[in-house]
Each structure stands twice: as C-alpha cells, then as structure tokens.
Amino acid sequence: MKKSEIIESIGLKGNNAENLRSKANNITEKIYGNKIFIRGIIEFSNKCIRDCKYCGIRKSIKMNRYEMDYKTIMVLIKSAVKIGYKTIVLQSGEFPVHDDMITDIIKESKKELDTVFTLSLGERDEQIFKKWRNAGAERYLIRIETTNRQLFKNLHPDDDYDTRIESLKALKKLGFETGTGVMIGLPNQTDEDLANDIIFFQKNNFDMYGVGPFLPHYLTPLKNASITNVDTVINFVALMRILTINANIPATTSMGTLRKGLRSEILKSGANVIMPNHTPLEYREDYMLYDNKIGVQSEPDDTLKMALCDIEKAGKIASFEKGFRSRI
Ligand code: SAM
C-alpha cells in the first residue's frame, strides 16, 4: 500500500471499513486460527522517573507511589501460573532502582515455573537488557508512542526519540521478541503521522505491536484533549494486521476504556492477544494511566472473566499457550 492509500484507509467508514476489518480478520485467522492468546499483566510499581505529558503516573503528579516487593511479586506470578497464564507481563513506570529485583524474579521463576516473561519497564542500556535476557526473559515491549519526532519531543520533555530507538535496536539484537506501538489520537497527531507509524512498523519488522487510543488523564497537561475517534482505532489495527501480517497484536485495556465492547470488535479486526490485569485490586487506583480505566474496581479473577467474555463475543477461542509470534 502507498502512504496515500494507508491514510485513506485510516479514515474509512461504513461498508468500506467493514471490508478492511474483515480482510484483517481473515489474515489473522489464516495465521493464528480462531485463537486469542491470553497474557496476565502485573503492574508492580507506579514509581517513575519520566514526565511524559499524557501519563497518569508521570513523575510530577503527587500521588501515592507503590512498589511491590520481591515476595509479593513472586506470589502473584505463582497465582497467575496456577490460573493457567503461560505469559506474565511485568509492567511499571520507568524506575531503574528495581532492576536487580527484576533479574532475581525472572531467575527464580524460571527455576520452577513454565512461563514466559514480557517486560514493559521503559528504556535501559543494553547491559541491563542483557542481564534480563540472560536471566530468561523472552519478550520486551517499549512503545515508540509516535514516530513524529516533533510530537515525540513535545510529549516527552525529558526523553529522546533516538535513545528510544536505540533501546528497541538493543532488544532486537539480544534476541528478545520485541514489541513497540503508538498511541492513536494524540493532540496534533494527523492521519499522515499514523500512516508513518505503520510504515515504521513495516520497515522494522517487530514481533508485536501494542497500540491504543490516547485517553486524557485529569492531572496531566493534556487533560482537556479531545477523545480519539473509535473508527480510526479499529482501522489502524486492521491496517497493522494487513501490513505486518504475522505480528502479535493485543486488544488493549485502553480500547475497552474508549468504548465498552471495543476490545471484542478489535479482536475481529486483526488483534489476536488480550492481556487481563492480574494486579490485586488494592493497587489499581494508583495505576490509572488515564481516566476511567476499566477494571479499576475488579479483582484479577473478574478481569479475566471480562476478557474471556470479550473473546467469546468476538466468536473466538481463548488460548493460554505461550503464544510466540508465528513465523508463517
Ligand atoms: N514505563 C514503561 C514504558 O514507558 O514503556 C511502561 C509503562 S507505561 C505507563 C505503558 C504505556 O502506557 C505507555 O507506553 C503509553 O503508551 C501508555 N499510556 C500512558 N498514558 C496513557 C494515556 N493517557 N492514554 C493512553 N495510553 C497511555
């Protein structure tokens, strides 16, 4: 597809949009069948050294900051494995103080549990990534957030686009299944920016793409930004599937927050992964990346039920297997 065609497709509505989405679903089903991979996510800390303008846990927000200790995280990982999760996603703000604890957790888990780790902990030097890789972590996710450099700069007062690219390159080099992604509907982001994001994904051939709508958070500088268009989000996911073919693509919590039931629609439009939140209820209020995040009043069992319900509504089958990227 030429860039102009991608831009046009992002704006499709009605039957044309339906055709695009069903084409994406056909590709997904050819590669992954009817299965949706389930991964359990543990948001173990909201401490963060970054001040990203969109984020509800940015460092300048005065809020209760928590960090689970080694023992608590190990107990949670074991309970997730007991439920059946074969991938655990460990996510936190960017907070290098806990790096050694993460290494120990991966090493210890690998001794006794048959589980895959996805880390989503922000940028680091290659040396730290290497420690985590050697400890046994298989996957790492860092969203580039937007490939428009100026927009990236405006949104990240204390971060640098090229450094993030370096992190992504280091992860690939170390053999992680590497994921990236963007937010859709950021203030001043155009459809051409979104088309460029997809072209960036195509060129760099990542293993997974975690994308989602930008949603305002009331304590951030972007609190008054307008809400993302739902059709744009669905079309974007469909285009990612059509143009990247076999990457793992989740239906994210932010999609379910943008509109009730949207995750189901996304699972019929190119996505093949869902990541129920396995964080205990007591921490959830403090990991509100955006307003009205779904599941904030749910325990892990209920969040899993909600995800299973979305899968069923999409006419798909939940799969607890490890779910590596297909090489077909
Ligand atoms: N610190 C790690 C990092 O930066 O990669 C992981 C945690 S970070 C909070 C996870 C993701 O949340 C970010 O990549 C960002 O895309 C998303 N996020 C943060 N604020 C958001 C918002 N207001 N709307 C939608 N997504 C948001």
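Note: the structure precedes this text.
Keep in mind it's a predicted model, so treat the numbers as computed, not measured.

A. Spatial organisation of the pairing of strand β6 (residues 177-180). Of the two faces of β6, the one lined by E177 and G179 and the one lined by T178 and T180 are each fully buried. By the bridge criterion, three bridges tie strand β5 (residues 139-141) to β6 in an arrangement that is parallel. Bridging across to β6, L141 finds its partner in G179. For β6 and strand β8 (residues 208-209), the ladder comprises two bridges, and the chain directions are parallel.

B. Inspection of the site of the ligand at higher detail. In the vicinity of the ligand there are 18 residues, among which Y54, S92, R143, E145 and L215 approach most closely. The side chain of R143 places a nitrogen or oxygen atom 2.7 Å from an oxygen atom of the ligand. One of the backbone N or O atoms of L289 is found 3.4 Å from a nitrogen atom in the ligand. Here the ligand has 560 Å² of accessible area as a free molecule, and 92% of this is covered by the chains. The cavity where the ligand resides is the largest cavity. The residue makeup of the shell around the ligand, split by class, is 10 nonpolar, five polar and three charged.

C. Broad picture of the packing of aromatic side chains. Applying the stated criterion across every chain, the model contains 12 aromatic pairs. Taking 5.8 Å as the distance between ring centres and 65° as the angle between the ring planes, the aromatic pair formed by Y85 and F320 counts as edge-to-face. Taken together, the residues span a long stretch of sequence, with Y85 in the loop between α3 (70-83) and β3 (87-92) and F320 in the segment after β12 (317-319) at a distance of 235 residues. On the accessibility criterion, F320 (27% relative accessible area) is partly exposed. Look at Y140 and F176: their rings are 6.0 Å apart centre to centre, the planes differ by 80°, and that puts the pair in the edge-to-face class. Note that Y140 is positioned in strand β5 and F176 in the loop between α7 (161-173) and β6, a separation of 36 residues in sequence. Pairwise contacts between aromatic rings join F129, W132, Y140 and F176 into one cluster. Lying across the ring of F176, R133 places its NZ or CZ 5.5 Å from the centre. Note that R139 overlies the ring of F324, its terminal NZ or CZ placed 4.7 Å from the centroid.

The rules we used
- Residues numbered from 1 in each chain as written.
- Predicted model: local features only at pLDDT ≥ 70, side-chain atom pairs only at ≥ 80, totals over all residues.
- Heavy atoms only, no water.
- Buried < 20%, exposed > 50% of the residue type's maximum accessible area, 1.4 Å probe, protein only.
- Helix = DSSP H or I, 4+ residues; strand = E, 2+ residues; numbered from the N terminus.
- Pairing = 2+ DSSP bridges.
- Near = heavy atom within 4 Å.
- Polar contact = N/O pair within 3.5 Å; in protein donor to acceptor, adjacent residues only side chain to side chain.
- Areas by Shrake-Rupley, 256 points an atom, 1.4 Å probe, with all protein chains shown as cover.
- 1 Å grid on protein atoms, 1.4 Å probe; cavity = no way out; pocket = protein on both sides within 12 Å on 5 of 7 lines; lining within 4 Å.
- Sits in = over half its atoms within 2 Å of the grid points.
- Nonpolar A, V, L, I, M, F, W, Y, C, P; charged D, E, K, R; others polar.
- Phe/Tyr/Trp six-rings, centres within 6.5 Å; stacked < 30°, edge-to-face > 60°.
- Lys NZ or Arg CZ within 6 Å of the ring centre and 35° of its normal.

Note that every value here comes from positions in space, so none of it alone points to a role or purpose.
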